[in-house]
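Chain and residue survey
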Amino acid sequence: MIRIAAVGDVHVDKDVLGRYRPALEQLPDVADVLLIAGDLTRHGTVDEAKCMAQEFGGLAVPVVVVLGNHDHQSDQELQVMDVLRDAGMTVLEGEGTVLTLNGHRLGVAGAKGFGGGFAGACASSFGEREMKNFVGTTEAIADKLGAALRGLECDALVALTHYAPVPETLTGEPLEIYPFLGSYLLGQAIDSAPTALALHGHAHHGSERGRTPGGVPVRNVAHPVIKQAYNVYQLLSEEAGAGLVNA
Ligand SMILES: [Fe+2]
């Protein structure tokens, strides 16, 4: 069995220091790895990244993260990634990693993702250059995520994004902003590989549970949604095989 702790949208700055740490110190008792689904900081500054590294660094389990839109706000995302990597975290942007946990290989492919909307109500690559750039950005990110997922050799495969791959986990958000919260292209990428679990954040007013059209369980782990330091999901258990327990 692999136990995956997950949270997103932790938005760490100096005022948040210490809020997560007591629960994080308990992690080795309840989980084998921590995945963080972006919006690690409030405004994406190097100072905030250092706070994030202080709060989530030096844990007794591996930490794998993607960035969110907030982490791009100050145009310092490369420096932010450096700070997090220096603190021992694995930062994924359109790539994957394989961790051996309890004798099982966990593959994690991660990307921030982007918007565009969902089937029947999505942006299309037509007309103005700005619109093509918007949709093209999502297409490029989804392509990289799909390739990363398909390229991993592992026993259980997890997709980690900030933006949502399905609309179900946005339930509770205003319909009008769905196109800014995620894209069906991310869902297609997830369905292009034998993904066991898809984790995302970004939708603070959304819902925890959804499923891709291909049947992959999706969980919105934004901190305001799960209302605790992390949720724990189990893969490769005897009862659920390669799938998610309580899928
Ligand atoms: Fe966000």
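Criteria and cut-off values
Residues numbered from 1 in each chain as written. Predicted model: local features only at pLDDT ≥ 70, side-chain atom pairs only at ≥ 80, totals over all residues. Heavy atoms only, no water. Buried < 20%, exposed > 50% of the residue type's maximum accessible area, 1.4 Å probe, protein only. Helix = DSSP H or I, 4+ residues; strand = E, 2+ residues; numbered from the N terminus. Contact = heavy atoms within 4.5 Å. Polar contact = N/O pair within 3.5 Å; in protein donor to acceptor, adjacent residues only side chain to side chain. Pairing = 2+ DSSP bridges. Donors = N, O, S within 2.8 Å, 3.2 Å for Na, K, Ca; no water. Tetrahedral: all angles 85-135°; square planar, octahedral: opposite > 155°, others 65-115°. Axes fitted to C-alpha atoms, helices over the stretch in contact; angles between N-to-C directions. Parallel < 35°, antiparallel > 145°, perpendicular 65-115°, else oblique. Left-handed = near helix turned anticlockwise from the far one by under 90°. Nonpolar A, V, L, I, M, F, W, Y, C, P; charged D, E, K, R; others polar. Salt bridge = Lys/Arg side-chain N within 4 Å of Asp/Glu carboxyl O.

**Quick notes on helix H6 (residues 184-191)**
Every buried residue belonging to H6 is among Leu185, Leu186, Gly187, Ala189 and Ile190, and all of these are buried. Buried residues along H6 sit against helix H5 (129-151), strand E9 (156-161) and strand E10 (197-200). With a side-chain oxygen lying 2.9 Å from the backbone nitrogen of leucine 185, the N-terminal cap of H6 falls on serine 183.

**Focus: the pairing of strand E1 (residues 2-7)**
Of all six residues in E1, six are buried; the element is thus mostly enclosed. Taking every second residue as pointing to the same face, both faces of E1 are buried, with Ile2, Ile4 and Ala6 on one and Arg3, Ala5 and Val7 on the other. Of the pairings in the sheet, the one linking E1 to strand E13 (residues 231-237) comprises five bridges and is antiparallel in character. Note on E13: the bridge partner recorded for isoleucine 2 is leucine 235.

**Some words on the coordination of the iron ion**
Protein coordination of the iron ion is provided by Asp39 (OD), Asn69 (OD1), His162 (NE2) and His202 (ND1), with donor distances spanning 2.2 to 2.3 Å. One way to put it: the four donor atoms around the iron ion meet at angles of 85 to 164°, and that makes the site irregular. The sequence pattern describing where the donors of the iron ion fall on their chain is D-x29-N-x92-H-x39-H. Taken as a pair, aspartate 39 in the loop between strand E2 (33-37) and helix H3 (46-56) and asparagine 69 in the loop between strand E3 (63-66) and helix H4 (77-86) lie far apart in primary sequence, 30 residues in all. For asparagine 69, a relative accessible area of 28% puts it in the partly exposed group.

**Notes on the packing of H5 against H6**
Direction vectors running N to C along H5 and H6 enclose 15°, while the axes themselves pass 8 Å from each other. Taken together, the axes of H5 and H6 are roughly parallel relative to one another. The two elements H5 and H6 cross, and the hand of that crossing is right-handed. Residue-level contacts link Thr138, Glu139, Ala142, Leu145, Gly146 and Leu149 of H5 to Leu185, Leu186, Ala189 and Ile190 of H6. Here the contact of H5 with H6 is built from residues that sort into seven nonpolar, two polar and one charged.

**Description of the pattern of salt bridges**
Side-chain pairs of opposite charge can arise whenever the charged atoms involved come near each other. Taken as a whole and judged by the stated rule, the model has four salt bridges. Between arginine 3 and aspartate 32 there is a salt bridge, with its nearest N and O atoms 3.1 Å apart. With arginine 3 in strand E1 and aspartate 32 in the loop between helix H2 (27-30) and E2, the pair connects residues that are 29 residues apart, well separated along the chain. Each member of the pair, arginine 3 as well as aspartate 32, is classed as buried. For the salt bridge of aspartate 15 with lysine 14, the shortest nitrogen-to-oxygen distance reads 3.8 Å. With a relative accessible area of 58%, aspartate 15 lands in the exposed category. Accessibility expressed as a relative area gives 63% for lysine 14, which makes it exposed.

**Here we look at the environment of threonine 161**
As for its position among the elements, threonine 161 is in strand E9. Remark: the alpha-carbon pair of threonine 161 and arginine 105, spanning 56 residues in sequence, is separated by 20 Å. The residues touching threonine 161, leaving out its near neighbours within four places in the chain, are Ala37, Val66, Ala111, Lys112, Leu145, Leu199, His200 and Gly201.

Don't take any of this as a statement about function, it's just geometry.
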